[in-house]
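Letter by letter, the chains look like this.
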Amino acid sequence: MSSENSSADDVRQVWDVVVVGAGPAGASAAYAAAVAGRRVLLLEKAELPRYKTCGGGIIGPSRDALPPGFELPFRDRVYAVTFSSNGRFTRTRRSKQMLFGLINRPEFDQQLVEHAQKAGAELRTGVTVQRVEQHGSTVPDRRTVAVFLQGGEVVLARAVVGADGSASRIGAHVGVKLGQVDLGLEAEIPVPETVAEDWKGRVLIDWGPMPGSYGWVFPKGDTLTVGVISARGEGAATKRYLEEFIGRLGLAGFEPSISSGHLTRCRADDSPLSRGRVLVCGDAAGLLEPWTREGISFALRSGRLAGEWAVRIAEAHDAVDTRRQALNYAFAVKAGLGVEMSVGKRLLTVFERRPGLFHGALTGFRPAWKAFKEITQGSTSLGEIVRTYPIAQRALAALDRRPAAGGEVSSPE
């Protein structure tokens, strides 16, 4: 899918918006800017489609943020969740309506990019961005950003969107600050039809042995995506948890087709989302839900916002207007995603101390299960629940103050 190298004449042309990274955030940004009629260039260092470490759960907010006409390539639809606490106290909850769907990231990401291209964005793959500059001899004027590619080529843009993942070079330029870093390990395990049938329509969520950790099994036809996540710095324990988790499930005898790892990075509260004419979104901005580390919906939603505001920045004629539009972008992100992240951080803090309490609530307290269903289906959000229900506010405040007895994890049963 790579295009041919640009000629010297092309180097001098100025794109309205250049998006770095063609994952869900970047493709959404490129789509939003292209739909607005702007000249958009989408740069991706890999060749597409490409694998990404990701559970692949598509919850309601993700579905609602997709381009019109997007047909989700579901590998399975989830109607039941089995919860366990480090392999014990197992209980399954079921729903008549679908909770969420499961996709493979290579297919999903490729489809998002194709929608951006149909909207008018130009894609270049196999391109590594080394840095961006907003001042200096390469930058012709104050309305332009220079994007330096490996090999010496320079691309010029009126606005740049950084969507180049959790180790973002654009994020480094903006000065993104991280407040939480976690390690996710995952295995894609092909299984026989009899095993696959047992998992059809059902996922497993296991609250893990380290504070804040959990594991999952997501069925995708003849393959199970099995993973765990915990705070960075617990690498050996996280690997051991995954091995024991796979063993407990009776899957140790099947050879994974892919084994991978990934760091998720969550932004600090005061982390910037822009610098001059450069915006960041998705993982590059550290935008994800801190408790579950769910990132696809945050990528899609922040990517769309970044694309919309990149158009406004591209049209800005001076630094004052550029700054105003960048602040409006930050406000839009914080008003929606920021509220959800704030609640998620509080939930993670409580979950680290009292995972048994969460397990007991989700498996035995109907309002908690109802909230879980509504969040995954997209009819509400963490922020909305806390805003709407005083009892949720009081419960969260009480849990914030309440230490686990003797520092121990409480058992639900």
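Nothing here was measured: the structure is a model prediction, and the numbers come from that model.

### Structural notes on empty space enclosed by the protein
Here the idea is plain: a probe the size of a water molecule rolls over the atoms and shows the empty space left.
So, point 1. All chains considered together, the criterion is met by one cavity of 30 Å³ or more.
So, point 2. Approximately 30 Å³ is the volume attributed to the largest cavity.
So, point 3. Looking at the largest cavity, the residues that line it are Ile58, Ile59, Gly60, Arg63, Leu72, Phe74, Met98, Leu99, Phe100 and Thr376.
So, point 4. Here the lining of the largest cavity is built from residues that sort into seven nonpolar, two polar and one charged.

### Examining the sheet that holds strand S5 (residues 80-85)
So, point 1. Judged by pairing direction, the sheet is mixed, and its seven strands sit side by side in the order S6-S5-S13-S14-S15-S12-S16 without closing on themselves. Every interior strand has two partners, whereas the edge strands, strand S6 (88-94) and strand S16 (258-267), have only one. Within this sheet the neighbouring strands show an average axis-to-axis angle of 20°, counted without direction.
So, point 2. Where S5 lies against S6, five bridges are found, and the strand directions are antiparallel. Counted as the bridge partner of phenylalanine 83 is arginine 91 from S6.
So, point 3. Along the sheet, helix H10 (residues 355-364) makes contact with S5, S6 and strand S13 (202-207), crossing S6 at roughly 35°.
So, point 4. Contacts from helix H11 (residues 366-377) reach S5, S6 and S13, with the element oriented near 125° to S5.

### Details of the pairing of strand S12 (residues 178-190)
So, point 1. Of all 13 residues that make up S12, 10 are buried, and the element is covered over most of its length.
So, point 2. Examined bridge by bridge, S12 and S16 share 10 bridges and lie antiparallel to one another. The partner of leucine 183 across the bridge, within S16, is leucine 263.
So, point 3. Bridge count for S12 against strand S15 (residues 223-231) is nine bridges, and the pairing is antiparallel. For glycine 184, the partnering residue across the bridge sits in S15 and is isoleucine 229.

### Here's the deal with the pattern of salt bridges
So, point 1. Overall, the coordinates contain 16 salt bridges when judged by the stated rule.
So, point 2. For aspartate 206, the salt bridge goes to arginine 248, with nearest N and O atoms at 3.3 Å. With a gap of 42 residues between them, aspartate 206 in strand S13 and arginine 248 in helix H7 (residues 235-248) connect regions that are remote in the sequence.
So, point 3. For aspartate 206, a relative accessible area of 0% translates into the label buried.
So, point 4. Under the relative-accessibility criterion, arginine 248 is labelled partly exposed at 39%.
So, point 5. Connected through shared salt-bridge partners, Arg50, Arg105 and Asp109 make up one network.

### Concerning the nonpolar core
Across soluble globular proteins, nonpolar side chains have a tendency to be buried as a group.
So, point 1. Ranked by internal contacts, the top residues of the largest apolar core, which has 72 residues, are Val18, Phe108, Val147 and Tyr329.
So, point 2. Broken down by element, the residue count for this core peaks at 11 residues, all from helix H8 (residues 296-315).
So, point 3. When residues no more than four places from it in sequence are discounted, the contact partners of valine 147 are Val18, Leu43, Val129, Arg131, Val132, Glu153, Val154, Val155 and Val160.
So, point 4. By size, the runner-up hydrophobic cluster in this structure holds 27 residues, among which are Leu99, Phe218, Val343 and Leu347.

### What about the packing of aromatic side chains?
So, point 1. Within the structure shown, the criterion is met by 14 aromatic pairs.
So, point 2. Ring-pair connections join several aromatic residues into one group, and the members of that group are Phe83, Trp207, Tyr214, Trp216, Trp291, Phe351, Phe358, Trp369 and Phe372.
So, point 3. Above the plane of the ring of tryptophan 199 lies arginine 202, whose end atom (NZ or CZ) is 4.4 Å from the centre.

### Looking at helix H2 (residues 24-35)
So, point 1. For H2, built from 12 residues, the straight-helix expectation of 16 Å at 1.5 Å per residue is met to within 8% by its first-to-last C-alpha distance of 16 Å.
So, point 2. The buried fraction of H2 is high, at 10 of 12 residues.
So, point 3. Within the sequence span of H2, burial applies to Pro24, Ala25, Gly26, Ala27, Ser28, Ala29, Ala30, Ala32, Ala33 and Ala34.
So, point 4. On the buried face of H2, the contacting elements are strand S1 (14-20), strand S2 (40-44), helix H4 (105-118), strand S11 (154-162) and H8.
So, point 5. Remark: glycine 37 follows H2 within two positions and exhibits a positive phi of approximately 90°.

### Examining the layout of surface pockets
So, point 1. Empty space within the second largest pocket amounts to approximately 280 Å³.
So, point 2. If you go around the second largest pocket, you meet 15 residues; those closest to its centre are Arg142, Gly276, Arg277, Ala319 and Thr322.
So, point 3. Contributions of two or more residues to the lining of the second largest pocket are made by strand S17 (274-275) and helix H9 (319-353).
So, point 4. With four residues, H9 is the single largest residue contributor to the lining of the second largest pocket.
So, point 5. Tallied by class, the residues present in the lining of the second largest pocket amount to two nonpolar, seven polar and six charged.

### Re the sheet that holds strand S4 (residues 76-78)
Each strand in a sheet pairs with another by means of backbone hydrogen bonds, the pair being arranged parallel or else antiparallel.
So, point 1. With antiparallel pairing, the three strands of this open sheet are ordered in space as S3-S7-S4. Of all the strands in the sheet, the pair left with one neighbour each is strand S3 (57-58) and S4.

### Details of the side chain of glutamate 188
So, point 1. Tracing the backbone shows glutamate 188 in strand S12.
So, point 2. In this structure glutamate 188 is buried but unpaired, with lysine 220 as the nearest side chain of opposite charge at 4.6 Å.
So, point 3. Polar contacts involving the side chain of glutamate 188 include one to the side chain of tyrosine 51, which spans 2.9 Å.
So, point 4. Setting aside residues up to four positions removed in sequence, glutamate 188 forms contacts with Tyr51, Thr223, Leu224, Thr225, Pro256, Ser257 and Ile258.

Reading the values: the criteria
- All residue numbers here refer to positions counted from 1 along the written sequence of the relevant chain.
- Owing to the predicted nature of the model, reporting of local features is limited to residues with pLDDT of at least 70; listing and counting of side-chain atom pairs is limited to 80 or more, with chain, interface and lining totals taken over all residues.
- Note that the side-chain values use all heavy atoms of the structure and ignore hydrogens as well as water.
- The distinction between a cavity and a pocket rests on a 1 Å grid over the protein atoms alone: a 1.4 Å probe fits inside a cavity but cannot get out, while a pocket stays open yet meets protein on both sides within 12 Å along at least five of seven lines, and a residue with an atom within 4 Å of a point counts as lining.
- Grid points are joined across faces, edges and corners, and a volume is the space filled by probe spheres set on the points.
- Just so you know the grouping, Ala, Val, Leu, Ile, Met, Phe, Trp, Tyr, Cys and Pro go in nonpolar, Asp, Glu, Lys and Arg go in charged, and all remaining residues, Gly too, go in polar.
- Strands qualify as paired when DSSP identifies two bridges or more between them.
- Segments assigned H or I by DSSP are reported as helices when at least four residues long, segments assigned E as strands when at least two residues long, and all are numbered from the N terminus.
- Here, axes are lines fitted to C-alpha atoms. For helices the fit covers the stretch in contact, and angles between N-to-C directions go from 0 to 180 degrees.
- Contacts are assigned to residue pairs with any non-hydrogen atoms lying within 4.5 Å of each other.
- Here's how the labels work: a residue is buried when its accessible area is under 20% of the maximum for its type, exposed when over 50%, partly exposed in between, all with a 1.4 Å probe on protein chains only.
- Salt bridges are identified by distance alone: a Lys or Arg side-chain nitrogen within 4 Å of an Asp or Glu carboxyl oxygen.
- For our purposes a nonpolar core is just a set of buried Ala, Val, Leu, Ile, Met, Phe, Trp, Tyr and Cys residues, chained together by side-chain atoms within 4.5 Å.
- When two rings of Phe, Tyr or Trp (its six-membered ring) have centres within 6.5 Å they constitute a pair, described as stacked for plane angles under 30 degrees, edge-to-face for angles over 60, and tilted for the intermediate range.
- Whether a charge sits over a ring depends on NZ of Lys or CZ of Arg being within 6 Å of the ring centre and within 35 degrees of the ring normal.
- For a helix, the expected span equals 1.5 Å multiplied by the residue count minus one.
- Charged-residue counts in this description rest on Lys and Arg as positive and Asp and Glu as negative, His and the chain ends being excluded.
- The definition of a polar contact used here is a pair of N or O atoms within 3.5 Å, where within protein one atom must be able to donate a hydrogen and the other to accept one, and adjacent residues in sequence count solely through side-chain atom pairs.

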